[in-house]
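Close look at the chain arrangement
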Amino acid sequence: MYRDIFSTLNELSLRGAPFAIATVIEIEGSGSAKPGSKALIDCNARVILGWVGGGCVENMVRQEAMESIGDGRPRIVTVDLTDEVFGVGMPCGGTMKVYIEPVLPPPELVIAGHGRIAETLAVLGQITGFSVTVTDPGAMCEAFPKADRLVTAGFNSSEINIGPNTYVVVATQHKGDHLSIRKAIEGGAAYIALIASKTRAQLVFDYLAAAGIDESKLAQARVRAPAGLDIGAQTPEEIALSVMSEIVSVRRGGSGRTMLEAKGILRREIPEPDGQSEKPVSERIAENSKAVSGNPG
Amino acid sequence: MFDEFLTKAAALRGSPFAIAIVVGFRPPVSGKPGDKAIIQPSGQIWGWIGGGCVQPIVVREALRAIEEGKARLIRIASTQNSKSEYEVIHYPMTCHGGGAMEIYIEPVLPVPQLLVFGRTAAARALCKLGKAIGYDVIVAAPDLDSRLFQDADQLIESRDVRDLDFGRETYIVVSTQGEADEVALERAVLTGVPYVSFVASRRKAEKVLQFLAERGIAPELLSRVKAPAGLDIRALGPEEIAVSILAEIIFTRRSKKTLRGDTLEAGRARSDGRDPICGMIVDPATAGYFSEYCGQTYYFCCAGCKQEFDQKPETHATTTERIKDVSGYIFNPE
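Worth saying up front: this structure is predicted, and the values here are computed from it rather than measured.

**A closer look at the nonpolar core**
Generally speaking, a soluble globular protein has its nonpolar side chains buried in company with each other. Counting 114 residues, the largest nonpolar core has Ile111(A), Leu194(A) and Leu126(B) as the members making the most contacts within it. For this core, the element with the highest residue contribution is helix H7 (residues 237-254) of chain B, accounting for 9 residues.

Below, the structure written as structure tokens:
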């Protein structure tokens, strides 16, 4: 059984299809499944393999699996097998807990352009778990050793597919950005950033406003220009990191403030130990360094 | 000449300096195109870019370039050109008649150092991502598996970092997650570097900080430890946590100017000492009432204003939302 599950898991994830794994983790009373029973459920709520119980249990688990694939979050579902009024109405009695975890294909980062920002972003994307595609007529493998895919045919070729799981960064520094951004909007990309000067960004926006793009798509789209979190990034590497942190923030729903601010920790009160308060910090650094030096490293 | 120059520059790597190159001239001047010099923060100059009044100007601008981290083009001429060009800094030529020079000055700054305590998954991710953005990465932890930290510039198989040079820009992240957190955090804060973050939950961080306070570590050092670490991007998993921490490091690095009152909104609030409640100008040097919020100091004219601020600092503070306002770019067909 385990072997079957793992080989099917492997097959599914290679195909890049989203699915969920349901595992029974606790049973109280009687139930047809046992702890450790597993099922794989695809994005159409079909049980592809395995068993976590029949009838109503299965329906509930399938339902939750669908939702889990939708929001990307794992969950533990408690199925009450006794409550016939509000529960699933099973006469078997007892309760059952099922852990459901979605397995989603990695998000895609499509970078249009070359240069230091694009190169660094490709590396950051790869480390952060994105499937990275770089598209540029001048993109060379040596500059993008970490990219999963290099497309020299350009952003608007049929080799580049945009969907709700695609994060797009346009950093071409040359013509054609307006068409790339348009394609990203029409494809419903999860994130669209344009790295360009103010003047060029405005040209792109003017084009988009007049291009007759599907209105609902246009209303949803948010093209980020300037791109990235406002952390004062200056070097190309820093700009790439600020864009990467914005991508994570958009994907996960962050605020972009510091964690301390977000948690409302305004000022941490640390009590002054007795008899130390008069000495300047520098002296205490020196003293403490001496004090620590006796400790094993 | 050029190879000597490069050798000298290479020898200085690791400490800040600026290079100055003569890129344009109109005789009579003593510097010729291609003449170059290296200027160190002490004002010491190596090489030749012309004598007389040129040298002190170049040194002054070189020091500014090092300070601001920005390159510049300066023109020294007896008469100012009628049209002033974009971002060219003009100086009068006082010691010659008629000549003019253009000198390009560029700072060469050492790359920042990222010191990571710990050998956790987050430490590994920090090491990889830190290298990806070009930082020098040092990892310190006993029993390190060097294969997992292949990107690091330096591995220290202990928590003893006293031999490191903290004269450069160093940022420290303690990511020990249960392996002698107290020892690592103590070593980290005692270096005295401005950025120390601790990858831990709020509750754990408070316990460890409390413990260190009881050991006699200065509260000023402890209270500035960033814990929870990073920016709030809802990071999931070690790699995203590392991204959020590096973003905070860049923010810290680049907001030094803010604290001197340069660019960001936050910096302005601080430098002009405006009372955020009543709007009165208060001289920070003599203000009797002030509060700190999110690392900024706010000054007040009276106890009443301070009290009002302290009750709800988030509504009065000029904290910067770091996701840029792109509302103008949200398409609305209307």
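Structure shown, so let's carry the discussion forward.
**Remarks on the pairing of strand E1 (residues 17-26) of chain B**
Across 9 bridges, E1(B) lies against strand E6 (residues 100-108) of chain B in antiparallel orientation. Looking at the pairing, Ala18(B) lines up with Pro107(B) of E6(B).

**Quick notes on the sheet that holds strand E2 (residues 36-39) of chain B**
Residues and elements named next belong to chain B. The 6 strands lie next to each other as E3-E2-E1-E6-E4-E5, forming an open sheet whose pairing is mixed. Both outer strands of the open sheet, strand E3 (45-47) and strand E5 (88-92), are each paired with one neighbouring strand and no more. Averaged over all adjacent pairs, the angle separating strand axes in this sheet is 25°, with direction ignored. Pairing of strand E4 (residues 72-77) with E5 involves 5 bridges; the strand directions are parallel. Within the sheet, the bridge partner assigned to Leu 73 lies in E5 and is Val 88. Each of E1, E2, E3 and E6 touches helix H1 (residues 2-11); the most contacted strand, E2, lies at about 15° to it. Its contacts with the sheet put helix H2 (residues 54-68) on E1, E2, E3, E4, E5 and E6, and the angle it makes with E6 is roughly 30°.

**Re the packing of helix H3 (residues 116-127) of chain A against helix H3 (residues 121-132) of chain B**
The contact between H3(A) and H3(B) brings their axes to 9 Å, and the two run at 170°. When the axis of H3(A) is compared with that of H3(B), the two are roughly antiparallel. Across the interface between the two elements, Thr120(A), Val123(A), Leu124(A) and Ile127(A) of H3(A) pack against Ala125(B), Lys128(B), Leu129(B) and Ala132(B) of H3(B). Broken down by class, the residue content of the contact of H3(A) with H3(B) amounts to 6 nonpolar, 1 polar and 1 charged.

**A word on the domain arrangement of chain A**
A common way to state how big an interface is: give the accessible area lost once the parts meet. Along its sequence, chain A is carved into domain 1 (2-103) and domain 2 (108-252). Between domain 1 of chain A and domain 2 of chain A, the C-alpha centre-to-centre distance is 38 Å.

**Concerning the sheet that holds strand E8 (residues 149-151) of chain A**
Residue and element names in this part refer to chain A. Spatially, the 6 strands line up as an open sheet ordered E8-E7-E6-E9-E10-E11, and their pairing is parallel. The sheet is open, and its two borders are formed by E8 and strand E11 (223-224), each paired with just one other strand. Across 5 bridges, the pairing between strand E6 (residues 108-112) and strand E7 (residues 131-135) is parallel. What sits directly across from Ile 111, in E7, is Val 134. Sitting on the sheet, helix H4 (residues 177-186) touches E6, strand E9 (166-170), strand E10 (191-194) and E11, and the angle it makes with E10 is about 170°. Relative to the sheet, helix H7 (residues 236-252) contacts E9, E10 and E11, its axis offset from that of E10 by approximately 155°.

**Observations concerning the confidence of the model for chain B**
All names here are of chain B. Mean pLDDT over chain B stands at 81; residues scoring 70 or higher make up 80%. Between the elements of chain B, mean pLDDT differs from a low of 37, seen in helix H9 (residues 265-272), to a high of 97, seen in H3. In the predicted structure, residues 257-271 sits below a pLDDT of 50 and forms 28 contacts with residues beyond four places in sequence or in another chain. In this model residues 319-334 is a low-confidence stretch, pLDDT under 50, and it forms 33 contacts with partners more than four residues away in sequence or in other chains.

**Focus on the interface of chain A and chain B**
Opposite the 59 residues of chain A that make contact, chain B presents 64 residues. Of all the secondary structure elements, the ones that give two or more residues to the side of chain A that touches chain B are H3, helix H5 (198-210), helix H6 (215-220), E11, H7, helix H8 (259-262) and helix H9 (281-293) of chain A. Broken down by element, the residue count for the side of chain A that touches chain B peaks at 9 residues, all from H7(A). Broken down by class, the residue content of the side of chain A that touches chain B amounts to 27 nonpolar, 18 polar and 14 charged.

Conventions we followed
Residues numbered from 1 in each chain as written. Chains lettered and ligands numbered in written order. Predicted model: local features only at pLDDT ≥ 70, side-chain atom pairs only at ≥ 80, totals over all residues. Core = buried A, V, L, I, M, F, W, Y, C linked by C-beta atoms within 7 Å. Buried ≥ 20, exposed ≤ 12 C-beta atoms within 10 Å, placed from the backbone. Helix = DSSP H or I, 4+ residues; strand = E, 2+ residues; numbered from the N terminus. Pairing = 2+ DSSP bridges. Axes fitted to C-alpha atoms, helices over the stretch in contact; angles between N-to-C directions. Contact = placed C-beta atoms within 7 Å. Parallel < 35°, antiparallel > 145°, perpendicular 65-115°, else oblique. Nonpolar A, V, L, I, M, F, W, Y, C, P; charged D, E, K, R; others polar. Domains from an automatic or database assignment. pLDDT = per-residue confidence, 0-100.

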